[in-house]
Amino acid sequence: MSIDLILFLVLALVAVATALGMLFSRNAVYSALFLVLNFATVAVFYVLLSAPFIALTQITVYAGAIMVLFLFVIMLLGAERLPASPALPWQRPLAIFLALVLIAETGYLLLFRQAVTATVSLPQTDVFGSPSQVGTALFNQYLLPFEVTSVLLLSAMVGVIVLTVRKKGERE
Amino acid sequence: MMAGTLPISYYLGLSALLFTLGVLGVLIRRNALVIFMSVELMLNAGNLAFVAFARMYDMLNGQIFVFFVMAVAAAEVAVGLALIVAIFKTKRSIDVDQMNSLKG
Amino acid sequence: MHLSETTTTGFFYLAPWIVFFPVIGLLINAFLGKRFPEKVIGWLASMASAGSFVISVLLAYSLWASGGHAQSVYVAPWIHIGNLALDWTFRVDTLSVTMMLVVSGVGTLIHIYAIGYMHEDVRFKHDVGRYRRFFVFLNLFIAAMMILVGGDSYLMLFVGWEGVGLCSFLLIGFWYDMDTLGRSSWANSNAAKKAFVTNRIGDFGFLIAGFLMFWYIGSVQFDEVFAMAPGLQSGVIVAITLFMLIGVTGKSAQIPLYVWLPDAMAGPTPVSALIHAATMVTAGVYLIARSAPLYTLVPEAQFIVAMTGAVTALFAATIAVGQYDIKKVLAYSTISQLGFMVAAVGMGAFVAGMFHLVTHAFFKALLFLSAGSVILGLERGHHHLAKHEAHEGHHEGHEEVFDPGDMRNMGGLRKTMPVTFWLYIIGTLALAGIFPFAGFWSKDEILADAFKEGYTAVYWLLTIAAFFTAFYMGRQIWMVFFGKPRHEAAAHAEESPLIMTAPLMVLAFLSIVGGALNLPGLHTLTLWLEHTLEVHAGEFVLSVALISTALALLAILISWLIYGRKPLEAGQPDPLKRPLGFLFTGMENKWFVDEGYWAVFVNRYVDLARFLADVVDWRFWHDWFHEKVIAGTYNWLSHIFLNRYADQKGIDAFFNGLGEITRKLSAATRRVQNGFVRSYALAVLLGVVSILGYLILK
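These numbers come from a predicted model, not from an experiment. (Residues numbered from 1 in each chain as written. Chains lettered and ligands numbered in written order. Predicted model: local features only at pLDDT ≥ 70, side-chain atom pairs only at ≥ 80, totals over all residues. Heavy atoms only, no water.)

(A) Fine view of the overall build of chain C. Of regular secondary structure, chain C possesses 27 helices and two strands. The C-alpha atoms of chain C give 36 Å as radius of gyration, which overshoots the globular expectation for 698 residues (26 Å, by more than 25%). The buried share among the 698 residues of chain C stands at 54%. Considering only intrachain contacts with a sequence separation of at least 6, the fraction spanning at least 24 residues in chain C is 80%. When the accessible surface of chain C is split by element, carbon and sulfur atoms take 69% of a total near 29,600 Å². Between the averaged position of the 45 positive side-chain charges in chain C and that of its 48 negative side-chain charges there is a distance of 12 Å. (Helix = DSSP H or I, 4+ residues; strand = E, 2+ residues; numbered from the N terminus. Rg over C-alpha atoms; globule rule 2.2 N^0.38 Å. Buried < 20%, exposed > 50% of the residue type's maximum accessible area, 1.4 Å probe, protein only. Contact = heavy atoms within 4.5 Å. Areas by Shrake-Rupley, 256 points an atom, 1.4 Å probe, with all protein chains shown as cover. Lys, Arg positive; Asp, Glu negative; His and termini not counted. Charge placed at Lys NZ, Arg CZ, Asp CG, Glu CD.)

(B) Region of the structure containing the overall build of chain A. Counting its regular elements, chain A contains six helices and one strand. When the helices and strands of chain A are placed in sequence order, the string is α-α-α-α-β-α-α. Put simply, chain A has 172 residues, and 40% of those count as buried. A fraction of 61% describes how many contacts in chain A between residues 6 or more apart in sequence connect residues 24 or more apart. When the accessible surface of chain A is totalled, it reaches about 10,000 Å², and 73% of it is carbon and sulfur.

(C) Summary view of the side chain of Thr420(C). Inspection of the secondary structure puts Thr420(C) in helix 17 (residues 418-432). Apart from residues no more than four positions distant in its own chain, Thr420(C) is found in contact with Ser370(C), Ser373(C), Val374(C), Phe481(C) and Glu495(C).

(D) Expanded view of the packing of helix 1 (residues 17-32) of chain C against helix 2 (residues 38-65) of chain C. All names here are of chain C. Contact pair helix 1 / helix 2: the axes reach a minimum separation of 8 Å and the direction vectors enclose 175°. Taken as axis vectors, helix 1 and helix 2 run roughly antiparallel relative to one another. Two secondary-structure elements touch here, helix 1 through Trp17, Ile18, Phe21, Pro22, Gly25, Ile28 and Asn29 and helix 2 through Ile41, Leu44, Ala45, Ala48, Gly51, Ser52, Ile55, Ser56 and Leu59. Per-class residue counts for the contact of helix 1 with helix 2 are eleven nonpolar, five polar and no charged. (Axes fitted to C-alpha atoms, helices over the stretch in contact; angles between N-to-C directions. Parallel < 35°, antiparallel > 145°, perpendicular 65-115°, else oblique. Nonpolar A, V, L, I, M, F, W, Y, C, P; charged D, E, K, R; others polar.)

(E) Looking closely at the side chain of Thr334(C). Structurally, the position occupied by Thr334(C) is in helix 14 (residues 326-347). If we ignore the near neighbours within four places in the chain, the residues touching Thr334(C) are Leu261(C), His276(C), Ala277(C), Val281(C), His360(C), Lys364(C) and Phe368(C).

(F) Geometry of the interface of chain A and chain C. Across the boundary between the two partners, chain A contributes twelve residues, which contact eleven residues of chain C. Approximately 1,100 Å² of surface area, both sides summed, lies buried where chain A meets chain C, with 75% of it carried by carbon and sulfur atoms. Summed over the three residues of chain A that lose the most area to chain C, namely Leu88(A), Gln91(A) and Leu98(A), the buried surface amounts to 47% of that side. At the boundary of chain A with chain C, the tally comes to zero salt bridges. The interface formed by chain A and chain C holds two residue pairs in polar contact (both at pLDDT 80 or more) in total. (Buried area = accessible area lost by both parts, 1.4 Å probe. Salt bridge = Lys/Arg side-chain N within 4 Å of Asp/Glu carboxyl O. Polar contact = N/O pair within 3.5 Å; in protein donor to acceptor, adjacent residues only side chain to side chain.)

(G) Structural detail: the layout of surface pockets. Residues and elements named next belong to chain C. Taken as a whole, the largest pocket spans an internal volume of roughly 1,300 Å³. Around the largest pocket, the lining is made up of 47 residues, and of these Ala187, Ala191, Lys194, Pro262 and Asp263 lie nearest the centre. Counting only elements with at least two residues in the lining of the largest pocket, the list comes to helix 3 (94-124), helix 6 (187-217), helix 9 (260-263), helix 14, helix 15 (350-392) and helix 26 (593-669). Considering every element that reaches the lining of the largest pocket, the biggest residue donor is helix 6, with nine residues. (1 Å grid on protein atoms, 1.4 Å probe; cavity = no way out; pocket = protein on both sides within 12 Å on 5 of 7 lines; lining within 4 Å. Points joined across faces, edges and corners; volume = space filled by probe spheres on them.)

(H) Seen up close, the packing of aromatic side chains. All names here are of chain C. On inspection of all chains with the given rule, the structure shows 49 aromatic pairs over all chains. An angle of 85° between the planes, with centres 5.2 Å apart, marks the rings of Phe174 and Trp175 as edge-to-face. The ring centre of Phe196 lies 4.3 Å from the NZ or CZ of Arg200, which sits over that ring. Directly above the ring of Phe222 sits Arg290, whose terminal nitrogen or CZ lies 5.2 Å from the centroid. (Phe/Tyr/Trp six-rings, centres within 6.5 Å; stacked < 30°, edge-to-face > 60°. Lys NZ or Arg CZ within 6 Å of the ring centre and 35° of its normal.)

(I) Looking closely at unusual backbone geometry. Cis geometry is found at the peptide bond from Ile255(C) to Pro256(C), where omega equals 10°. Mapped onto the secondary structure, Pro256(C) falls in the loop between helix 8 (234-251) and helix 9. A cis amide bond links Phe435(C) with the next residue in sequence, Pro436(C), at an omega value of 0°. Within the secondary structure, Pro436(C) sits in the loop between helix 17 and helix 18 (438-453). With a phi close to 55°, Asp58(B) is a non-glycine residue in the positive phi region. Here Asp58(B) is to be found in the loop between helix 2 (32-57) and helix 3 (61-91).

(J) A look at the confidence of the model for chain C. Residues and elements named next belong to chain C. Of the residues in chain C, 97% reach a pLDDT of 70 or more, and the chain-wide mean stands at 88. Note on residues 1-7: pLDDT under 50 across the span, and 14 contacts to partners over four residues away in sequence or across chains. Under a pLDDT of 50 for its full length, residues 395-399 has, in the predicted model, four contacts with residues more than four places off or in other chains. (pLDDT = per-residue confidence, 0-100.)

(K) Molecular detail of the nonpolar core. Ranked by size, the top nonpolar core spans 214 residues in total, and within it Tyr154(C), Leu413(C) and Val458(C) carry the most contacts. Of the residues forming this core, the biggest block, 20 residues, is contributed by helix 15 of chain C. With 85 residues, the next largest nonpolar core counts Phe70(A), Ala137(A), Leu18(B) and Ala52(B) among its residues. (Core = buried A, V, L, I, M, F, W, Y, C linked by side-chain atoms within 4.5 Å.)

(L) Highlighting the interface of chain B and chain A. Each partner contributes to the interface: chain B provides 75 residues, whereas chain A provides 84 residues. Counting each side, the surface lost to burial between chain B and chain A is near 7,200 Å², with a carbon and sulfur contribution of 77%. Run the count over chain B and chain A and you get zero salt bridges. Inspection of the chain B/chain A interface yields nine residue pairs in polar contact (both at pLDDT 80 or more). Those elements giving two or more residues to the side of chain B that touches chain A turn out to be strand 1 (5-7), helix 1 (8-28), helix 2 and helix 3 of chain B. For the side of chain B that touches chain A, the element with the most residues is helix 3 of chain B, which contributes 23 residues. For the side of chain B that touches chain A, the class distribution of residues is 53 nonpolar, 13 polar and nine charged. In the sheet, strand 1 (residues 119-121) of chain A pairs with strand 1 of chain B via three bridges, with the strands oriented antiparallel. Residue pairing in the sheet places Ser121(A) in a bridge with Thr5(B) of strand 1 of chain B. (Pairing = 2+ DSSP bridges.)

(M) Here's a closer look at empty space enclosed by the protein. All names here are of chain C. Tallied over the entire structure, the rule returns five cavities of 30 Å³ or more. Roughly 90 Å³ of internal volume is contained in the largest cavity. Top contributing element to the lining of the largest cavity by residue count: helix 18, with four residues. Here the lining of the largest cavity is built from residues that sort into five nonpolar, four polar and three charged.

(N) Structural view of the environment of Gly129(C). Considering the arrangement of structural elements, one finds Gly129(C) in the loop between helix 3 and helix 4 (130-150). Taking the C-alpha atoms as reference, Gly129(C) lies 35 Å from Thr428(C); in sequence the two are 299 residues apart.

(O) Seen up close, helix 2 of chain C. For helix 2 of chain C, spanning 28 residues, the distance from its first C-alpha to its last is 40 Å, which sits close to the expected 40 Å at 1.5 Å a residue. Gly67(C) sits one or two positions beyond helix 2 of chain C and adopts a positive phi of about 85°. (Expected span 1.5 Å × (residues − 1).)

(P) View of the pairing of strand 2 (residues 84-92) of chain C. All names here are of chain C. When strand 1 (residues 71-81) meets strand 2, the two strands line up antiparallel, connected through nine bridges. Within the sheet, the bridge partner assigned to Val73 lies in strand 2 and is Phe90. Counting the residues in the hairpin turn of strand 1 and strand 2 gives two residues, including Gly82, whose phi is positive at 55°.

(Q) Highlighting the environment of Tyr597(C). Residue and element names in this part refer to chain C. Position of Tyr597 among the secondary structure elements: in helix 26. When its relative accessible area of 22% is taken as the criterion, Tyr597 is described as partly exposed. Along the sequence, Tyr597 and Leu171 sit 426 residues apart, while their C-alpha atoms lie 24 Å from each other. Among residues more than four places away in sequence, those in contact with Tyr597 are Pro256, Val259 and Val602.

(R) Seen up close, the pattern of salt bridges. All names here are of chain C. The final tally for this structure, using the stated rule, is 25 salt bridges over all chains. Close ionic contact of Lys125 with Asp121 constitutes a salt bridge, the shortest N to O distance being 3.2 Å. Per residue, the accessibility class of Lys125 equals that of Asp121, and both read buried.

(S) Inspection of a nonpolar patch on the surface at higher detail. Side chains of Leu154(A), Met157(A), Val158(A), Ile161(A), Val162(A) and Val165(A) sit close together on the surface and give an oily, nonpolar patch of about 560 Å² of accessible area. Secondary-structure assignment places Ile161(A) in helix 6 (residues 143-164). (Patch = residues over 30% accessible without salt bridge, like charges linked within 9 Å, V, L, I, M, F, W, Y side chains within 5 Å.)

(T) Representation of the packing of helix 5 (residues 131-139) of chain A against helix 3 of chain B in the model. As a packed pair, helix 5 of chain A and helix 3 of chain B sit with axes 10 Å apart at the nearest point and diverge in direction by 75°. Overall, the two elements helix 5 of chain A and helix 3 of chain B adopt an arrangement that is roughly perpendicular. Across the interface between the two elements, Val134(A), Ala137(A) and Leu138(A) from helix 5 of chain A touch Gln63(B), Ile64(B), Phe67(B) and Phe68(B) from helix 3 of chain B. Partitioning the contact of helix 5 of chain A with helix 3 of chain B into residue classes produces six nonpolar, one polar and no charged.

Structural data, given as structure tokens:
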């Protein structure tokens, strides 16, 4: 048992556990916090896969900005818990069944088809995935998509303002 | 303990598992916010697969793509949450089962 | 030889203006005349006609100055198809200029007369607005008549021929919504229709003649036709000339188509004078004179023409004896005199015919206009009376319908209308052929020609007709102007104003001296027409002149014995009625020709029309063919076959089924669309799983 495997298994366990926690928490705030934990675990995986820039972005953008936004909205709306309402009758069993089928299919593909056989080691001191490399790629090869992303963010911002702004004369 | 190698398929399996859990979240939860979080979980699972493949092929494109996915996710979350707020304003609820006025 | 080369000298280039002047006059009156006062309208129209007269005089002078050679004046191209080349070309020769002078000269005088006449007429008939219309029509008539006499081809002549026919129709029916007495009725319209339809029959003959010409000669231009005619079979010429004669009998009111002319008196009196006495009705005579080169080729046709004219002359003269309406007498007299002219041109005595045409235009216009003056005089008397009575409070007096044209209502007008009386006397003497009035010379020339050319029958027929002429004119004079008034209106009759009598005086003067045109020995008209027609100077035959004059005087004497010596009393029947018996009844009733035409032609035609309308059109075509065959089949097809089977059971069923399937399908699948977003997500997952499964199992 190599250290890689131990590390992976522990982290994977945490990731799945937090995901399940998010899934089954009655309280939306707990769900959000579980998700933050999950994102952090995934960020560690990114580091293991020689993607330190992505890992940091994950922490700051996802775990930081997005989840704060979630928590903020949850608390703003005061919607931590939902009152019970008649559920769709076949929704839950059918969903679980289909999810099992999905996982079975992917498992079959990975285990029996041997679709991917490559292995990776822990990151060495090479420069692959370093922030400078990512930055070079972003500002050279992917300059146009990068700029378009800024436009996307801008339009999202405008959209959010339009959606939430209170119109004149509108009663709360 | 020696630092050894790890098959990429492990990461992919984990990614698939997380993705399926996200799917389950979308399907079985009624809280619009939790559903949204499940979607984020699915995106994350996808990102994990991207990064794993990037590592496998030694190509940065995967990581760049993850970067863009994050940007899009950020925008999506902002708009999505605004929508939820707007819906809450009129329906006083974020239960997706209450939003079935498009019933055929 | 074609006469297309136009000389640069003379006034020939002005020829089109004989038409343009009246056309301009009528256009101005028609479009701008609404604001003009009556005087302006009347004088404008008169000036337009006078303009034509001036041009005619200039043309006559140019013709005289240039030796009488015929001239063609080209105006505009008309029909150019294949070998046929027809233009609007005026032919200025001595014959056409003679006609132009008569038409525009007499026409102008009648225009002036009409200024006064219509002024009163529209007031008696209570429709002042028609004053302008009258002069528009009158100018239109002058224009059409000028085209008729000025045309260079039979086709152009035909255009004018139809144009004057139209004007005749319009003017006979001028008071279209009343009868001659001003009562509300369609009598005048019917008279107009009668004239128009009768003329159509004649025009049919004329058209056939034109078609024959075109078929055998290939042209309808006068010179070309005359040049080619001698080379044709005489049968063809006979056909052409006789078909043309049908046209002549229509337009110039000869047997058998004369019946429209007496009814045409429904038009206002100036119209009767201008169109139905002086000018239009002489178009037939002009046509024969114009076609002289054709007629002289075929003596048999000439004989038929001459006999037609002679018989008509006598026949109409006898009817005139039995008429009571002052205008009807003159109408039959016109028919009779036209018979003289037709007989003359038929015999080849073209100059005599044209001579009589000219003098007749003078004195018959004079007579008609004087008759109009008499009628208006009586109208004035009647209105004066009616006003007077109304003033005094009796109403029963003027309730009865008063006919101002009935000679039985007249009598003693000599004293109340002296000017008209003397003018009438002059016209009568001219018509009766008393020396030295115009009628004497022209009528005598016809008789002399008939006598000399060996047309014995014609000679005797015309001589007897002349006797009757003098008799009925004498009868008219005694009845109208002598004795005592037989109606109060006649007692109160008033003389006409100067505007009406002045033109009459001019005409009276012409009626007196008109004979000077062609005095025996001088032969002015003969020499003049010689340039156009192959003619010979008529010789004066003393015995003929003596016989006719003696007969005329005798007739006047007899008429005095019957009507003058013992004037007619009011309500007394005609003194001739008893001694002549059924003969007079015949004269009175126009020999029942109209009734005969009705029985033989009109009623049969109505029967045929009724048969066609009722049986053929309605019962066969409408009831059976359209309703049963076409509509029935169609209905069957549409109702039974197409509707019930094809449409309802086929197309409808198919599309209804399609709709039903769609409806059921959607009713089933609408459950899927339950509005729950999680269900949709589940469906998406199902799809993902399925596709993945498919990819694995593939």
